[in-house]
Amino acid sequence: MPLFIFISGYLFSYLESVKGKYATFSGLLKNKFQRLIIPYFIFAIIYMLTTRSFNFEKLLSGDFTHLWFITMLFWCFIFTRLSSLVPYSKCIYYKVTMLFLSFALLFVPSFLPSIIGLSNSTLWFFWFYLGYFVLPYREQLYELIDKKYLWAILLVIGLLGTAYTVYYVKTDIVRTLGGQLGHLAIVLLVWYAVNRLI
């Protein structure tokens with residue numbers, strides 16, 4: 001899931017900056033509402049009716065079975081665009097601060113209400129924003145990973161993080177931090193490998 005959401009943020013950055021799509025916030029909101037929220041409700045209602053498990057509260061929470069990621073993704077698009085409307089949002093220091101803040105949210109229980117997937121967004125926004133962040137700095141990041149042999153460090157961190165996730169129960173912040181850093185290393189390593197192949 002982190003890799004999938006990273007790719008979504010990366011492609012959003014590409015469409016926005018290179019292709020000039022989503023020029024206005026209202027255009028983005030309309031597009032993502034039509035492509036994500038409406039299909040969520042349609043498929044969730046069909047699923048509920050065909051399985052005889054209609055639950056209005058679960059439907060409105062946006063947390064319905066396997067469809068939870070659709071509403072979460074909607075909010076990632078919205079929050080990323082809102083963050084780009086802030087003064088100095090193009091500044092690298094602002095973007096790095098956003099990355100650190102969104103990474104910290106991975107360890108905090110969601111404080112947002114369960115309305116159309118809003119509560120899930122804090123747990124996944126970091127991965128989306130990471131993809132959004134990487135695209136404009138892709139050449140510098142690739143060169144850094146390649147020339148400094150950081151790919152080897154990312155591989156070790158990824159393997160250790162995976163071991164934390166697989167072999168230990170996430171009972172404390174260190175193990176959770178280890179797992180998230182492992183996911184981060186693997187996502188960057190996959191991105192690096194794809195770019196190397198290209």
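The written sequence of each chain sets the order in which its residues are numbered from 1. In keeping with the predicted nature of the model, local features appear solely for residues at pLDDT of at least 70, side-chain atom pairs appear and are counted solely at 80 or more, and the whole-chain, interface and lining totals rest on all residues. Only hydrogens and water are set aside; all other atoms, that is, all heavy atoms of the structure, feed into the side-chain values.

## Focus on the overall build of the chain
Link 1 in the chain: Broken down by element type, the chain carries 9 helices and 0 strands.
Link 2 in the chain: Radius of gyration: C-alpha atoms only; globule rule: 2.2 Å multiplied by the number of residues to the exponent 0.38. The C-alpha atoms of the chain give a radius of gyration of 18 Å, which matches the 16 Å a tight globule of 198 residues would have.
Link 3 in the chain: Each principal axis of the C-alpha distribution contributes one length, and for the chain these read about 55 × 45 × 30 Å.
Link 4 in the chain: The contacts in the chain between residues at least 6 apart in sequence include a share of 70% that link residues at least 24 apart.
Link 5 in the chain: Only the protein chains shown count as cover for residues, and the accessible areas themselves come from Shrake-Rupley with a 1.4 Å probe. Looking at the chain as shown, the accessible area adds up to about 11,600 Å², and 70% of this sits on carbon and sulfur atoms.
Link 6 in the chain: In this tally Asp and Glu are treated as negative and Lys and Arg as positive; neither His nor the chain ends contributes. By convention, charge coordinates are those of NZ in Lys, CZ in Arg, CG in Asp, or CD in Glu. Across the chain, the centroid of the 16 positively charged side chains sits 7 Å from that of the 7 negatively charged ones. Only DSSP runs of H or I reaching four residues or more are called helices, and only runs of E reaching two or more are called strands; each is numbered from the N terminus. Contacts are assigned to residue pairs that have any heavy atoms within 4.5 Å of one another.

## Quick notes on the side chain of Asn 120
Link 1 in the chain: Relative to the helices and strands, Asn 120 resides in helix α6 (residues 118–134).
Link 2 in the chain: Relative accessibility thresholds used throughout: buried, under 20% of the residue-type maximum; exposed, over 50%; partly exposed, between the two (1.4 Å probe, protein chains only). Under the relative-accessibility criterion, Asn 120 is labelled buried at 12%.
Link 3 in the chain: Discounting residues that sit within four places of it in the chain, Asn 120 has contacts with Asp 63, Trp 68 and Met 72.

## So, the confidence of the model for the chain
Link 1 in the chain: Confidence in the prediction for the chain averages 88 pLDDT; 95% of positions are at 70 or higher.
Link 2 in the chain: Per-element confidence in the chain is highest for helix α1 (residues 2–17), whose mean pLDDT is 95, and lowest for helix α3 (residues 56–61), whose mean pLDDT is 83. Per-residue confidence from the predictor is given as pLDDT, running between 0 and 100.

## Focus on the nonpolar core
Link 1 in the chain: Counting residues in each nonpolar core, the largest one holds 48 residues, and the members touching the most others are Phe 126, Trp 127, Leu 130 and Val 134.
Link 2 in the chain: Residue assignment for this core shows that the elements contributing at least two residues are α1, α2 (25–51), α4 (68–84), α5 (92–104), α6 and α9 (173–197).
Link 3 in the chain: Setting aside its immediate chain neighbours within four residues, Phe 126 contacts Leu 99, Ser 102, Phe 103, Leu 106 and Leu 184. Throughout, nonpolar core names a set of buried Ala, Val, Leu, Ile, Met, Phe, Trp, Tyr and Cys residues whose side chains join them through atoms within 4.5 Å.

## Things to note about the packing of α2 against α4
Link 1 in the chain: For helices, the axis comes from a line fit to the C-alpha atoms of the stretch in contact; other axes are also lines fit to C-alpha atoms, and the angle between any two N-to-C directions lies between 0 and 180 degrees. Running from N to C, α2 and α4 point in directions that differ by 170°, and their axes come no closer than 9 Å. The orientation of α2 relative to α4 falls into the category roughly antiparallel. Contacts from Phe 25, Leu 28, Leu 29, Lys 32, Phe 33, Leu 36, Ile 37 and Tyr 40 of α2 reach α4 at Ile 70, Thr 71, Leu 73, Phe 74, Phe 77, Ile 78, Arg 81 and Leu 82. Oblique is the label for every angle not falling under 35 degrees (roughly parallel), over 145 degrees (roughly antiparallel), or within 65 to 115 degrees (roughly perpendicular).

## Examining the pattern of salt bridges
Link 1 in the chain: For salt bridges, the criterion is a side-chain nitrogen of Lys or Arg within 4 Å of an Asp or Glu carboxyl oxygen. The final tally for this structure, using the stated rule, is 3 salt bridges.
Link 2 in the chain: When the shortest N-O distance is used, the salt bridge between Glu 16 and Arg 81 registers 2.6 Å. Of the two residues, Glu 16 sits in helix α1 while Arg 81 sits in helix α4, which places them 65 residues apart along the sequence.
Link 3 in the chain: With a relative accessible area of 5%, Arg 81 lands in the buried category.
Link 4 in the chain: Across the pair Glu 143 and Lys 147 runs a salt bridge whose closest N-O atoms are separated by 3.9 Å. Remark: Lys 147 and Glu 143 occur in helix α7 (residues 138–147); sequence separation between them is 4 residues, near one turn of the helix.
Link 5 in the chain: Taking relative accessible area as the criterion, Glu 143 reaches 43% and is therefore assigned partly exposed.
Link 6 in the chain: For Lys 147, a relative accessible area of 57% gives the class exposed.

## Points about the environment of Phe 69
Link 1 in the chain: Note on placement: Phe 69 falls in helix α4.
Link 2 in the chain: For the pair Phe 69 and Ile 5, spaced 64 residues apart in the sequence, the C-alpha separation amounts to 9.3 Å.
Link 3 in the chain: For Phe 69, the residues in contact, after removing those within four places along its chain, are Met 1 and Phe 4.

## What to know about the packing of aromatic side chains
Link 1 in the chain: Pairs were defined over the aromatic rings of Phe, Tyr and Trp, the Trp ring being its six-membered one, requiring ring centres within 6.5 Å. Orientation was assigned from the angle between planes: stacked under 30 degrees, edge-to-face over 60, tilted for the rest. Under the counting rule described, the total for this entry stands at 20 aromatic pairs.
Link 2 in the chain: Judged by centre distance (4.9 Å) and plane angle (75°), the ring pair of Phe 126 and Trp 127 falls under edge-to-face.
Link 3 in the chain: Members of the aromatic cluster, each reached through a chain of ring pairs, are Phe 12, Tyr 22, Phe 74, Trp 75, Phe 77, Phe 79, Phe 125, Phe 128, Tyr 129 and Tyr 132.
Link 4 in the chain: Placement of a charge over a ring requires the Lys NZ or Arg CZ to be within 6 Å of the ring centre, with the centre-to-atom vector within 35 degrees of the ring normal. Positioned over the ring face of Phe 77 is Lys 32, at 4.2 Å from the centre of the ring.

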